Amino acid sequence: MSKTIIITGTSSGIGFVLAEYFGKKGHHVYGLSRKFTESQYFKSIPTDITDNDAVQNAIAEVLKTETKIDVLINNAGMGMVGSVEDSTKEDILKLFNLNLVGSVQMMTAVMPKMRENKFGKIINVSSIGSEMGLPFRGFYSASKSALDKVTEAMRYEVYPWNIDVCSLHLGDIKTNIAENRVKTKVSEPYATVFNKVYALMNSHVGDGTEPLEVAEYIDQLLTKNKWKAHYYFGKFGQKIGVPLKWILPQGTYENLMKKYNKLA
């Protein structure tokens, strides 16, 4: 049975692959991103999700054709690298405005129709890095962690209407995310170690999981009746970092992370 699926951030990368994947399977897919994207498999609606009026207009556009919204995949987001000390208020607010506020505005916009139909599934695309503060990615980790906590809270609030929400924590996925990251000024005290960590970061993305595998994983997720709050998808070496953080002493865990990131 075909579903109505709204996906954000569909102009490239994971979002584009997701939109085409579900469109090819016969679902009614609407892709929201800032620029129009040509595809025979989904309808592109140019939308800046940080602009609430634009979000409301996009959902109204969908509902001109559709009688229901089954799935929202909040995929749009950006990375940010640099030291905590060097990050500016403007950079931090820009990041949280997209990664947190934009996703919340999308959820708010689809909720009335999902509540009316007493059904809906919302996937907030998060990161394995939301579970720990990553060196030179502190604010990215923080923005995704904030979205995780909102997701947990919302699960309590919307379950009476048979609406399910989860965080999907991804490891490194092979996309062009490096080209779209906010890169803050890196001051002299951090420059040498930052350059080493940044090169490693980009190599991890280059060796990452293919976006199509993410699409197949989400497809399986959509067949489940009840969701857990958190799902983790990526290479074992990255996923294992989450339970290790829960069970290891903080100092031991930090030493492992320093080695993994070539800081020690």
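Residues numbered from 1 in each chain as written. Predicted model: local features only at pLDDT ≥ 70, side-chain atom pairs only at ≥ 80, totals over all residues. Heavy atoms only, no water.

This brings us to the overall build of the protein chain. Scanning the protein chain for helices and strands turns up 10 helices and 9 strands. A compact globule built from 264 residues should have a C-alpha radius of gyration of about 18 Å, and the protein chain, at 18 Å, falls within 12% of that. Overall, the protein chain is about 55 × 35 × 30 Å in size when its C-alpha atoms are taken along their principal axes. Of all 264 residues assigned to the protein chain, the portion counted as buried reaches 50%. Taking all contacts inside the protein chain whose residues are at least 6 apart in sequence as the whole, residues at least 24 apart take part in 72%. On the protein chain, roughly 12,800 Å² of surface is accessible, and the fraction owed to carbon and sulfur atoms is 54%. On the protein chain, the mean spot of the 32 positive side-chain charges and the mean spot of the 27 negative ones are 4 Å from each other. (Helix = DSSP H or I, 4+ residues; strand = E, 2+ residues; numbered from the N terminus. Rg over C-alpha atoms; globule rule 2.2 N^0.38 Å. Buried < 20%, exposed > 50% of the residue type's maximum accessible area, 1.4 Å probe, protein only. Contact = heavy atoms within 4.5 Å. Areas by Shrake-Rupley, 256 points an atom, 1.4 Å probe, with all protein chains shown as cover. Lys, Arg positive; Asp, Glu negative; His and termini not counted. Charge placed at Lys NZ, Arg CZ, Asp CG, Glu CD.)

Attention shifts here to the packing of helix H3 (residues 89–117) against helix H4 (residues 138–158). At a minimum axis distance of 9 Å, the contact between H3 and H4 shows a crossing angle of 20°. What the angle tells us is that H3 and H4 run roughly parallel. Once H3 is placed against H4, the crossing between them reads as right-handed. Contacts between H3 and H4 involve Ile92, Leu95, Phe96, Asn99, Leu100, Ser103, Val104, Met107 and Met111 from the former and Phe139, Tyr140, Ala142, Ser143, Lys144, Ala146, Leu147, Val150, Met154 and Val158 from the latter. Within the contact of H3 with H4, the residues separate by chemical class into 15 nonpolar, 3 polar and 1 charged. (Axes fitted to C-alpha atoms, helices over the stretch in contact; angles between N-to-C directions. Parallel < 35°, antiparallel > 145°, perpendicular 65-115°, else oblique. Left-handed = near helix turned anticlockwise from the far one by under 90°. Nonpolar A, V, L, I, M, F, W, Y, C, P; charged D, E, K, R; others polar.)

What follows is about the pairing of strand S7 (residues 163–170). Of all the 8 residues making up S7, 8 are buried; the element is thus mostly covered by neighbouring parts of the structure. As judged from the 8 bridges shared by strand S6 (residues 120–127) and S7, these two strands associate in the parallel manner. Opposite Val125, over in S7, you have Leu168 as the bridge partner. In this fold, S6 hands off to H4, which returns the chain to S7; that crossover is right-handed. Two elements, S7 and strand S9 (residues 230–233), share 4 bridges in a ladder whose sense is parallel. Within S9, the position partnered with Leu170 by the bridge is Phe233. (Pairing = 2+ DSSP bridges. Right-handed = clockwise from strand over helix to strand, strands pointing away.)

Each regular strand shows side chains that alternate between the opposite faces of the sheet. Most of S6 is tucked away, with 8 of its 8 residues classed as buried. Side-chain alternation along S6 places Gly120, Ile122, Asn124 and Ser126 on one buried face and Lys121, Ile123, Val125 and Ser127 on a second face that is also buried. One ladder, built from 4 bridges, connects strand S4 (residues 71–74) with S6; its direction is parallel. Bridging from a neighbouring strand, Asn74 pairs with Asn124 of S6.

Time to look at the environment of Leu134. Following the sequence through the fold, Leu134 ends up in the loop between S6 and H4. Each C-alpha atom of the pair Leu134 and Met257 lies 8.4 Å from the other, and the pair is 123 residues apart in sequence. Beyond its immediate chain neighbours, meaning those up to four positions away, Leu134 contacts Gly129, Ser141 and Met257.

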